[in-house]
Amino acid sequence: MSQGEGTFFCIDGHTCGNPVRVVTGGAPVFHGATMSEKRQHLMRDYDWIRTGLMYEPRGHDVMSGTILVPPCREDCDIGVLFIEVSGCLPMCGHGTIGTVTAILERKLVAPKTEGVLSLDTPAGLVEAEYVLRDGMVEWVKIVNVPSFMFASGIAIDCPELGPLSVDVAYGGNFYAIIEAQENYRDMADLSPGDIQRLSPAVRDLVNATFDAVHPEDDTIRGVSHVMWTGAPTRKSATARNAVFYGDKAIDRSPCGTGTSARMAQLHARGALTADDRFIHESIIGSMFEGTIEDEGDIGGIITIRPGIRGWARIHGLNTIFIDRRDPFAHGFQVV
């Protein structure tokens, strides 16, 4: 591969409304003994692949995707690196559900165990249960990485809203979670434009207050996503959310790592138990079903392993060229 250009073979789809672009061919070899190290190599030397495939003119402000690579762990079927407009993530729940659907329907991987696909991710082992009928995946349930409440009651002064209390929880990425309080009632009171305008300020204020660092991997650090919560509009749902990421993106799905972080937050305060189902509704009304699969701890921090069940659909096969002659080869954003 020539540095700065290449041809990439992709499967395009969406998970509960949020886009997933699965890169199945054309990527270079990423070096590292772990997927976390491969992620660092991608970020250091090949971020132009991410920006070229995620940003305009080949992508858009909400684009998200994955790159398939050989796993580092012997017990895994495939390795996955996560790319989106906000960066190279340690983990992405909706992206995993969409990736599992794409590679199974296109017969790209034969799982070691029928009905379960084991994925090696920068955040750790993720297991994906699925139902395949007539060659099509009906649903995928991922058992995510250990998730936990990291900090509670962080006081910030948000422009326009005023003083807010924010919790930070981890579900594969770090989330600032905003619940009902004196100066904030419900996400229903905010327009998408409000969320896009206020969220970067919330994220910056939280990150300026303290440094969120994963206790087992210090390359996973900083709050990258902001979750605005609210009451559900669907009778079967438990709660509703809108997750902001990148510079302008609002997750159209209920957000897999966000749902994991929200469940960890509720579990930490005793509001969610292993016997409960947590049905999370997105800004467009699509839903994930969350369950607590296991409980544990990391360095004295109470953790859960969330199960997140959702669906995805493939809508195209895409061969994308990144040509150095193109002045916008590595993409652009209008922010």
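All values derive from a computational prediction rather than experimental measurement. Counting restarts for each chain, with residues numbered from 1 along the sequence as it is written. This being a predicted model, a pLDDT of at least 70 is required before a residue's local features are given, and a value of 80 or more before pairs of side-chain atoms are given or counted; all residues contribute to the totals for chains, interfaces and linings. Heavy atoms from the whole structure form the basis of all side-chain values; hydrogens and water molecules are not counted.

Peer 1: Just to check I follow, could you spell out helix 5 (residues 256-268) for this structure?
Peer 2: To qualify as a helix, a DSSP run of H or I must reach at least 4 residues; to qualify as a strand, a run of E must reach at least 2; elements of each kind are numbered from the N terminus. Each residue after the first adds 1.5 Å to the expected span of a helix. Over its 13 residues, helix 5 extends 18 Å from the first C-alpha to the last, a length consistent with the 18 Å expected when each residue adds 1.5 Å. The rule is simple: take the accessible area with a 1.4 Å probe, protein chains only, and divide by the maximum for that residue type; under 20% is buried, over 50% is exposed, in between is partly exposed. With twelve of its 13 residues buried, helix 5 lies for the most part within the structure. Downstream of helix 5 by one or two residues, glycine 270 has phi in the positive range, about 80°.

Peer 1: Would you mind showing me how to read the pairing of strand 9 (residues 148-158) here?
Peer 2: Regular strands place side chains that alternate from one sheet face to the opposite one. Pairing between strands is defined by DSSP: at least two bridges between them are needed. By the bridge criterion, eight bridges tie strand 9 to strand 10 (residues 162-170) in an arrangement that is antiparallel. Bridging from a neighbouring strand, methionine 149 pairs with alanine 169 of strand 10. Hairpin remark: strand 9 followed by strand 10, antiparallel, with three residues in the connecting loop; positive phi at glutamate 160, about 80°.

Peer 1: Could you clarify how one ought to interpret the side chain of threonine 121 in this entry?
Peer 2: Structurally, the position occupied by threonine 121 is in strand 6 (residues 116-121). Residue classification places threonine 121 among the buried positions, given a relative accessible area of 3%. Each polar contact in these results corresponds to two N or O atoms within 3.5 Å; when the atoms are within protein, one needs to be able to donate a hydrogen and the other to accept it, and residues that are neighboring in sequence are counted only if both atoms are side-chain atoms. A distance of 2.7 Å separates the side chain of threonine 121 from the backbone oxygen of glycine 124, its partner in a polar contact. Whether two residues are in contact is decided by their heavy atoms, any of which lying within 4.5 Å being enough. In this structure threonine 121 touches Met35, Val80, Phe82, Pro90, Met91 and Val126, once residues within four positions along its chain are discounted.

Peer 1: What is the right way to read the environment of threonine 7 from this model?
Peer 2: Its location among the elements puts threonine 7 in strand 1 (residues 6-15). Residues threonine 7 and aspartate 211, spaced 204 residues apart in sequence, show a C-alpha to C-alpha distance of 38 Å. Residues within four places of threonine 7 in sequence aside, it is in contact with Gly25, Gly26, Thr319, Ile320 and Phe321.

Peer 1: Could you clarify how one ought to interpret unusual backbone geometry in this entry?
Peer 2: With the exception of glycine, most residues fall at negative phi, and the peptide bonds are largely trans. The omega torsion across glutamate 56 and proline 57 is 5°, close enough to zero to call that bond cis. Even without being glycine, lysine 107 reaches a positive phi, approximately 55°. Within the secondary structure, lysine 107 is located in the loop between helix 3 (93-105) and strand 6. Among the residues examined, lysine 107 registers a relative accessible area of 67% and is labelled exposed. Backbone geometry places aspartate 134, a non-glycine residue, at a positive phi of 55°. Note that aspartate 134 resides in the loop between strand 7 (124-133) and strand 8 (136-143). The class of aspartate 134 is exposed, set by a relative accessible area of 76%.

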